[in-house]
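Survey of secondary and tertiary structure
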Amino acid sequence: NYLSAATRAIVRHAVRAGETLTTQDIMYRSTPDQGALWPDAAEESLPAVAVSSLAAGQPLHANHIRRHRVIAVVPCRMKSSRLKHKAVLPIYGVPSIQRCLLNAMAIPGITAVVLATSTHPDDAMLEKYAQEVGAGFIRGSEEDVLERFLAVADQHQPDIMLRITGDCPVVSFEIAKLLI
């Protein structure tokens, strides 16, 4: 009987559905439950969101968790006074905003990247740049950036929103991964 039980991931304490489960929330114990996650699979899978409530001492299965929905929101406008049209100026042939979006899309674990701009007519041109690289696009208030973020949240229902400024073409995926 001892040899039939393997060391697997066990929930350390009760977790409610929708809560984030981290490696600190599990322990490794021998269990005959063949569906429970192996230690290496648990380490790769966490942190994650519990899809249902889990009891303390319950073996952790892959279907008990899901990856976080992480949305990178890139606010950007064409209204630069010091450097006109800086968002679309090329850096080695690629518009700055596209470099920003592509770097954001390279962040491990990102579900979607959305360029959030205003309804000002000058900002309409940004949609083409977002579409060309496969990023989402949303337009909202000219003055209220938070309103644009809330629109992205309503549309995508993220667990985590990552703000990446549109005038930062050199996004560090290593730092972003740590932040997430």
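For the structure, check the block above.
Figured I'd write up the structure that's included with this text. (Residues numbered from 1 in each chain as written. Predicted model: local features only at pLDDT ≥ 70, side-chain atom pairs only at ≥ 80, totals over all residues. Heavy atoms only, no water.)

**Notes on the nonpolar core**
One finds I97, L101, V113, L115, L126 and I164 to be the most contacted residues of the largest nonpolar core, which totals 25 residues. Breaking this core down by element, the ones donating at least two residues are β6 (70-75), α2 (96-105), β9 (110-118) and α3 (126-133). Non-local contacts of L126, meaning those with residues more than four positions away in its chain, are made with C76, R77, M78, A87, V88, I97, L115, T117 and F137. Among the nonpolar cores identified, the runner-up in size contains 13 residues, and I26, A42, L46 and A48 belong to it. (Core = buried A, V, L, I, M, F, W, Y, C linked by side-chain atoms within 4.5 Å. Buried < 20%, exposed > 50% of the residue type's maximum accessible area, 1.4 Å probe, protein only. Helix = DSSP H or I, 4+ residues; strand = E, 2+ residues; numbered from the N terminus. Contact = heavy atoms within 4.5 Å.)

**Looking at unusual backbone geometry**
Between L46 and P47 the backbone carries a cis peptide bond, its omega angle lying at 5°. The topology assignment puts P47 in the loop between α1 (39-45) and β4 (48-50). The phi angle at H85 is positive, at roughly 55°, despite the residue not being glycine. Note on placement: H85 falls in the loop between β6 and β7 (90-91). Phi at Q157 takes a positive value of approximately 50°, unusual for a residue other than glycine. Along the polypeptide, Q157 turns up in the loop between α4 (145-156) and β11 (160-163). Judged by relative accessible area, which is 48%, Q157 ranks as partly exposed.

**What about the packing of α2 against α3?**
Close contact between α2 and α3 brings their axes to 10 Å; oriented N to C, the two are set at 40°. Between α2 and α3 lies a crossing of right-handed hand. Contacts between α2 and α3 involve I97, Q98, L101, L102 and M105 from the former and L126, Y129, A130, E132 and V133 from the latter. Each residue belonging to the contact of α2 with α3 can be placed in one class, and the counts come to eight nonpolar, one polar and one charged. (Axes fitted to C-alpha atoms, helices over the stretch in contact; angles between N-to-C directions. Left-handed = near helix turned anticlockwise from the far one by under 90°. Nonpolar A, V, L, I, M, F, W, Y, C, P; charged D, E, K, R; others polar.)

**Describing α3**
Of the residues making up α3, those classed as buried are L126, Y129, A130 and V133. All buried residues of α3 fall inside an arc of 95° around its axis, so they share one side. More than 90 degrees from the buried face of α3, the exposed residues found are Q131 and E132. For α3, the secondary structure elements touched by its buried residues are β8 (94-95), α2, β9 and β10 (136-140). Positive backbone phi, approximately 85°, marks G134, located one or two places after α3. (Arc of directions from axis to C-beta.)

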